[in-house]
Amino acid sequence: MYKDILVHIPTERPMSAVIDGSISLAARLNAHVDAVAVGYVASSTAYVLDGGAAVAAVFEMERERAVERAEAALAIFRSEATNAGISCTCHPLGAIPADAAGSLGEMARLHDLSIVLQPDPAQGSFDNDMPGEILFQAGGPVLFLPYTFRGSFRANRIGICWDGSRLSARAMRDAAPFLARAEEIVIITINEADAVPDEVSASRLARHLGRRGLSTRTVSLSAARADIQPTILSLAADESLDLLVMGGYGHSRLQERFLGGVTRAMLEAMTVPTLMSH
């Protein structure tokens, strides 16, 4: 069960989607929420620390202003959380983006679930980078909420994007608290005959979930690689799914994060809340 939730509150982007979603979920689960917001200090400002006491004071002033921006964002969250009667703790940070990413990743490791806002490529913001960093570093499930999300979060109808891989299996297990409460579970496979080994087929997944007492049905589709993401989202719309569950593909190269093609496309065009695990 998700009893300890981390939520990243943006300071440079609209925050209502992630506030509404995280508070409504926490209220339904009677969970505690740690809300963290980052006021960003420009990376160039950090280099003045080598310039003596005077320029170090300038850096500290910038950091204090950054913390104030984080506190302003968290004040909005705290007000909504108080009105909803949920338990919460707020954590304002003032840091350069690289340090903030490390801190958020570390915090996420000791939470059952992390909730973040879908990145918006149309807006240049460090807040766009933090969700991916949390996904790579958390070691657990990350719930991405579309920036168009409104109202209360629910997960009555769930789609499991299944390709038999380690990451899709990890995401399926991490979603267990949602699956246990779901009214309907749809197993979604793309090009299963060519891409999914028999030992981890959709039918075997259905049998596994059935032993947990979960009823499922399977939808098998075909699509070119470039069309996998829109095919999934089209099915999600047709099935009125509340939540998608999928592996978060990607890798790290010399400390740079690279998302896999389907994962990146999903984050760019997300229309339904999506739980990912890496």
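Look up: the structure comes first, before these words.
Everything numeric in this text was worked out from a predicted model, so none of it was measured.

Draft legend 1. Just helix H5 (residues 130-138), in detail. Burial of H5 is extensive: 9 of the 9 residues sit out of reach of the surface. Three or more residues of H5 are buried, namely Met 130, Pro 131, Gly 132, Glu 133, Ile 134, Leu 135, Phe 136, Gln 137 and Ala 138. Just downstream of H5 lies Gly 139, where phi reads positive at about 75 degrees.

Draft legend 2. Spotlight on helix H10 (residues 228-238). For H10, the full list of buried residues reads Ile 228, Gln 229, Thr 231, Ile 232, Leu 233, Leu 235 and Ala 236. Check the buried side of H10 and you find it contacts strand E6 (157-161), strand E7 (184-190), strand E8 (216-221), strand E9 (243-247) and helix H11 (261-269). In the stretch just after H10, Ser 240 is the one whose phi turns positive, near 55 degrees.

Draft legend 3. Main features of the sheet that holds strand E2 (residues 32-40). Strand order in this open sheet of 10 strands is E3-E2-E1-E4-E5-E12-E9-E6-E7-E8, and the pairing throughout is mixed. If you trace the sheet from one side to the other, it starts and ends with strand E3 (88-95) and E8, each paired once. Geometrically, the sheet is characterised by an average inter-axis angle of 25 degrees between neighbouring strands, direction not taken into account. Where strand E1 (residues 4-9) and strand E4 (residues 113-117) come together, 3 bridges link them in parallel fashion. Note that in E4 the partner of Leu 6 across the bridge is Ser 114. Helix-sheet contacts for helix H4 (residues 97-108) involve E1, E2, E3 and E4, and the interaxial angle to E2 is about 170 degrees.

Draft legend 4. Highlighting the nonpolar core. Counting 50 residues, the largest nonpolar core has Ile 9, Phe 77 and Phe 178 as its most contacted members. Broken down by element, this core gets its largest block of residues, 7 residues, from helix H1 (residues 16-29). Not counting chain neighbours up to four residues away, the residues in contact with Ile 9 comprise Met 15, Val 18, Ile 19, Ala 35, Val 36, Ala 37, Val 38, Ala 73, Leu 74 and Phe 77. Judged by nonpolar contacts, the second largest core, of 36 residues, contains Ala 95, Met 130, Ile 188 and Met 266.

Draft legend 5. The side chain of Ser 125, seen in detail. By secondary structure assignment, the location of Ser 125 is in the loop between E4 and H5. Looking at Ser 125, its side chain comes within polar contact range of the main-chain nitrogen of Asp 127, at 2.9 Å. Apart from the residues within four sequence positions on either side, Ser 125 is in contact with Glu 12 and Arg 13.

Draft legend 6. The pattern of salt bridges, seen in detail. Considering all chains together, one arrives at 8 salt bridges under this definition. With its nearest N and O atoms 3.3 Å apart, the salt bridge here joins Asp 242 to Arg 154. Of this pair, Asp 242 sits in the loop between H10 and E9 while Arg 154 sits in the loop between strand E5 (142-145) and E6, and the two are 88 residues apart along the sequence. We classify Asp 242 as buried; its relative accessible area is 12%. For Asp 174, the salt bridge identified is with Arg 170, shortest N-O distance 2.9 Å.

Draft legend 7. Seen up close, the pairing of E4. Among the 5 residues in E4, 5 count as buried, and that is most of the element. On E4, burial covers both faces: Leu 113, Ile 115 and Leu 117 on one face and Ser 114 and Val 116 on the other are all buried. Bridge count between E4 and E5: 4 bridges; the pairing is parallel. When the bridges of E5 are listed, Val 116 appears paired with Phe 144. Each parallel crossover has a hand, and the one from E4 via H5 to E5 is right-handed.

Draft legend 8. Summary view of unusual backbone geometry. You will see that Asn 30, though not glycine, has its phi angle at about 55 degrees, which is positive. Looking at where Asn 30 falls in the secondary structure, it is placed in the loop between H1 and E2. Asn 30 gets classed as exposed once you look at its relative accessible area, which sits at 63%.

Draft legend 9. Summary view of the packing of H10 against H11. Closest axis-to-axis distance for the H10/H11 pair is 9 Å, and the angle between their directions is 50 degrees. By the angle between their directions, the pair H10 and H11 is classed as oblique. Read as a crossing pair, H10 and H11 show a hand that is right-handed. Counting all contacts with H10, which are made through Ile 228, Gln 229, Ile 232 and Leu 233, the residues of H11 involved are Val 262, Ala 265, Met 266 and Ala 269. Class assignment for the residues of the contact of H10 with H11 results in 7 nonpolar, 1 polar and no charged.

Cut-offs used in this document
- Residues numbered from 1 in each chain as written.
- Predicted model: local features only at pLDDT ≥ 70, side-chain atom pairs only at ≥ 80, totals over all residues.
- Heavy atoms only, no water.
- Buried < 20%, exposed > 50% of the residue type's maximum accessible area, 1.4 Å probe, protein only.
- Helix = DSSP H or I, 4+ residues; strand = E, 2+ residues; numbered from the N terminus.
- Contact = heavy atoms within 4.5 Å.
- Pairing = 2+ DSSP bridges.
- Axes fitted to C-alpha atoms, helices over the stretch in contact; angles between N-to-C directions.
- Core = buried A, V, L, I, M, F, W, Y, C linked by side-chain atoms within 4.5 Å.
- Polar contact = N/O pair within 3.5 Å; in protein donor to acceptor, adjacent residues only side chain to side chain.
- Salt bridge = Lys/Arg side-chain N within 4 Å of Asp/Glu carboxyl O.
- Right-handed = clockwise from strand over helix to strand, strands pointing away.
- Parallel < 35°, antiparallel > 145°, perpendicular 65-115°, else oblique.
- Left-handed = near helix turned anticlockwise from the far one by under 90°.
- Nonpolar A, V, L, I, M, F, W, Y, C, P; charged D, E, K, R; others polar.

So far we have only geometry, and geometry alone does not tell us how the molecule works.
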